[in-house]
Every structure is written in structure tokens, then in C-alpha cells.
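Topology and contacts: notes
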Amino acid sequence: MIFLRSLLFNIFFYSYGFCLLTLCLPLLLGPPHWPRRVGYVLSSGMFWGLKVICNVDYEIRGKEHLPEAPYLIAAKHQSAWDTFVFSVLLKDPSFVLKRELTWLPLFGWFISRAGIVAIDREGGAAELKRMVARAKFITGRKQPLVIFPEGTRTFPDEQRPFHPGVAALYSQLNLPVVPIALNSGLFWPRRAFLKKPGTIVMEILPPVPPGRKRKAFMAELEETIQNNSQRLIAEARDKHPDS
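Residues numbered from 1 in each chain as written. Predicted model: local features only at pLDDT ≥ 70, side-chain atom pairs only at ≥ 80, totals over all residues. Heavy atoms only, no water.

**Quick look at the nonpolar core**
Formed by 43 residues in total, the largest nonpolar core has its most connected members in Met46, Leu50, Ile73, Trp81, Phe86, Ile180 and Met202. No other element matches helix 2 (residues 33-54), which puts seven residues into this core. Once residues within four sequence positions are removed from consideration, Trp81 is found in contact with Met46, Phe47, Leu50, Tyr58, Ser184, Trp188, Ile200 and Met202. Within the second largest apolar cluster, 25 residues are counted, among which are Leu145, Ala167, Leu169 and Val177. (Core = buried A, V, L, I, M, F, W, Y, C linked by side-chain atoms within 4.5 Å. Buried < 20%, exposed > 50% of the residue type's maximum accessible area, 1.4 Å probe, protein only. Helix = DSSP H or I, 4+ residues; strand = E, 2+ residues; numbered from the N terminus. Contact = heavy atoms within 4.5 Å.)

See below:
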């Protein structure tokens, strides 16, 4: 049954996404907030399909911890789900994403036009400077900026060291950083076809104020995100032993 539901969801989501993005191609000629609105519609449809077809729901805790924009969000990354949720949760978010995503047909065109920070992960110090400059422009427009400090999706029990990009943004933007913990990888695992029924929990944690020393900031951020993600994973496994 899980296999059949997952198959139906994939058929639904890719068909829905292709039709929606194709119909909305003229919006690429408009201002950046038009493609971002398409992202909201795409993400909302995906969540509807997950719930109706795969019985995968979600819960977001701690919304009261979101400050007034602009701010930086540093999120755990376990699933494709994580890249969609912020388009529904936040108003006009932007993202720090790997440059290769902008090369994808349709999807890449929309995220490029929406205004993201596309990075070359092999670019070194020069790429960090370009990332910070682009981030300053985006946050200067009062947009929240989302970054996944581990740089790639991880399995639920896997922890990778945080990349220096989040520290560079924290020190240069002088903005609060909101840590995000989640357990999405239990229900929509990395590089997995099957979507397992249950409730994804994402928790918005108290922001780290600007002004901390770089080393102290990184240690606090990593400990906060990783420990709270493990807490959410343990909580979900108690409710869903097969996860």
C-alpha cells in the first residue's frame, strides 16, 4: 500500500508541477514576487497531495519565535520537503541554494527569477564574498533568507559539520539567525521513493541574536539544531515505530 501511494503521489506531483509551471511561464516576465507566488501554489499543492495520497501531514511549532523580517533561517535538511515548506510558512522568502538547481528546466527558471542566492560550492573565498553581497541585497528588501548549513540532505541519524557560509552571513548581515529543527527524513527520506505515513514536525527555535563571536555562534547553532532534531526524531519514532 505504501508503494502504491508513493507511486500515485509521484505521478500527481510531477504532473501537477509540470502543468502549473508551464501555465505560469508568462509570469517569468513579471517582478520577482510573481514567481515566488507560484512557489507558494506549488508547495501548497505538494502538501495537499502528501496528506491526501500518502497520509503524510505536518506540524509547525514555535511560530512565535519568528522575528520581524529581515532575518536568517538556518534549517536542518533531511528531505525534499524542507525546500518547499518555507514558501508556505514565510512571506516572500529567498534561499541559499546550490547553483546546479538553477539549471533544471522550468523549476530552475522560476527559482532564478524569484531571486535566490545561487552558490558554486567549489568557489572558495570569492564565492563567499558573492554570496554575502547577494544576501545583503535580498535582506535589504526585508526578505527572510533561508540557508541549510549542512549543504545537503542528511539521513535522520546523520550529522554533518556546518559549512562556513552560515557564519559568514551571520557576521556580515548583522541579523538574528533562527534555528530550525525537524524530522522530515523519517517520512520522506533522502533519495527514497517511499513516503511513510505520519506527521512531519518542524520546530522554530528561539533566534540567535547578532553579535556573537564566530566560533561561539557556530557551536551554539549546530548544537541547537542537531540536538532538537534528534529530540523530534525520537518523539516521532515513539509514535511511529516503523519510521
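Past the structure itself, the notes keep going.
**Overview of the packing of helix 2 against helix 4 (residues 107-114)**
Relative to each other, helix 2 and helix 4 sit at 130 degrees, their axes nearing to 7 Å. Comparing the axis directions of helix 2 and helix 4 gives the class oblique. Helix 2 and helix 4 meet at a crossing whose hand is left-handed. When helix 2 is examined against helix 4, the residues Pro35, Arg36 and Val38 are found in contact with a partner set consisting of Phe110, Arg113 and Ala114. Among the residues forming the contact of helix 2 with helix 4, the class breakdown is four nonpolar, no polar and two charged. (Axes fitted to C-alpha atoms, helices over the stretch in contact; angles between N-to-C directions. Parallel < 35°, antiparallel > 145°, perpendicular 65-115°, else oblique. Left-handed = near helix turned anticlockwise from the far one by under 90°. Nonpolar A, V, L, I, M, F, W, Y, C, P; charged D, E, K, R; others polar.)

**Some points on helix 6 (residues 165-173)**
It helps to recall that an α-helix has 3.6 residues per turn; residues three or four apart then point in one direction. Extensive coverage of helix 6 is indicated by the burial of seven of its nine residues. For helix 6, the set of buried residues is Gly165, Val166, Ala167, Ala168, Leu169, Tyr170 and Leu173. In this fold, the buried residues of helix 6 make contact with strand 2 (72-75), strand 3 (94-98), helix 5 (124-140), strand 5 (145-147), strand 6 (177-182) and helix 7 (214-239). Just past helix 6, the residue Asn174 takes up positive phi, approximately 55 degrees.

**Brief notes about a nonpolar patch on the surface**
On the surface, Met1, Ile2, Phe3, Leu4, Leu7, Leu8, Ile11, Phe193 and Leu194 cluster together into a nonpolar patch covering about 840 Å² of accessible area. Structurally, the position occupied by Leu4 is in helix 1 (residues 2-23). (Patch = residues over 30% accessible without salt bridge, like charges linked within 9 Å, V, L, I, M, F, W, Y side chains within 5 Å. Areas by Shrake-Rupley, 256 points an atom, 1.4 Å probe, with all protein chains shown as cover. Salt bridge = Lys/Arg side-chain N within 4 Å of Asp/Glu carboxyl O.)

**What about the side chain of Thr139?**
Along the chain, Thr139 turns up in helix 5. Relative accessible area serves as the criterion here: at 7%, Thr139 is assigned to the buried category. Side-chain polar atoms of Thr139 contact the backbone oxygen of Lys136, separated by 3.4 Å. If we ignore the near neighbours within four places in the chain, the residues touching Thr139 are Pro70, Leu145, Leu173 and Leu175. (Polar contact = N/O pair within 3.5 Å; in protein donor to acceptor, adjacent residues only side chain to side chain.)

**Description of the pattern of salt bridges**
A complete count under the given rule lists 12 salt bridges for this structure. Between Arg237 and Asp157 there is a salt bridge, with its nearest N and O atoms 2.9 Å apart. Residue Arg237 is found in helix 7, and its partner Asp157 is found in the loop between strand 5 and helix 6; the two are separated by 80 residues along the sequence. Given the relative accessible area of 30%, Arg237 is considered partly exposed. Taken together, the salt bridges that share partners define one network made up of Glu59, Arg61, Glu235 and Lys239.

**Some points on the packing of aromatic side chains**
How two aromatic rings sit relative to each other is set out by the distance from centre to centre and by the angle between their planes. In the structure shown here, the tally under the stated rule is 13 aromatic pairs. Aromatic pair Phe9 and Phe12: ring centres 6.4 Å apart, planes at 45 degrees, arrangement tilted. Of this pair, Phe9 and Phe12 both sit in helix 1, three residues apart, which is roughly one turn of the helix. Pairing Tyr170 with Phe217 gives two aromatic rings, centres 3.8 Å apart and planes at 0 degrees, and the pair type is stacked. Note that Tyr170 is positioned in helix 6 and Phe217 in helix 7, a separation of 47 residues in sequence. For the residue pair Tyr170 and Phe217, the accessibility class agrees, reading buried in each case. The residue whose ring lies beneath Arg37 is Tyr40, and the NZ or CZ to ring-centre distance is 4.5 Å. Against the face of Phe193 rests Lys195, its NZ or CZ located 5.8 Å from the ring centre. (Phe/Tyr/Trp six-rings, centres within 6.5 Å; stacked < 30°, edge-to-face > 60°. Lys NZ or Arg CZ within 6 Å of the ring centre and 35° of its normal.)

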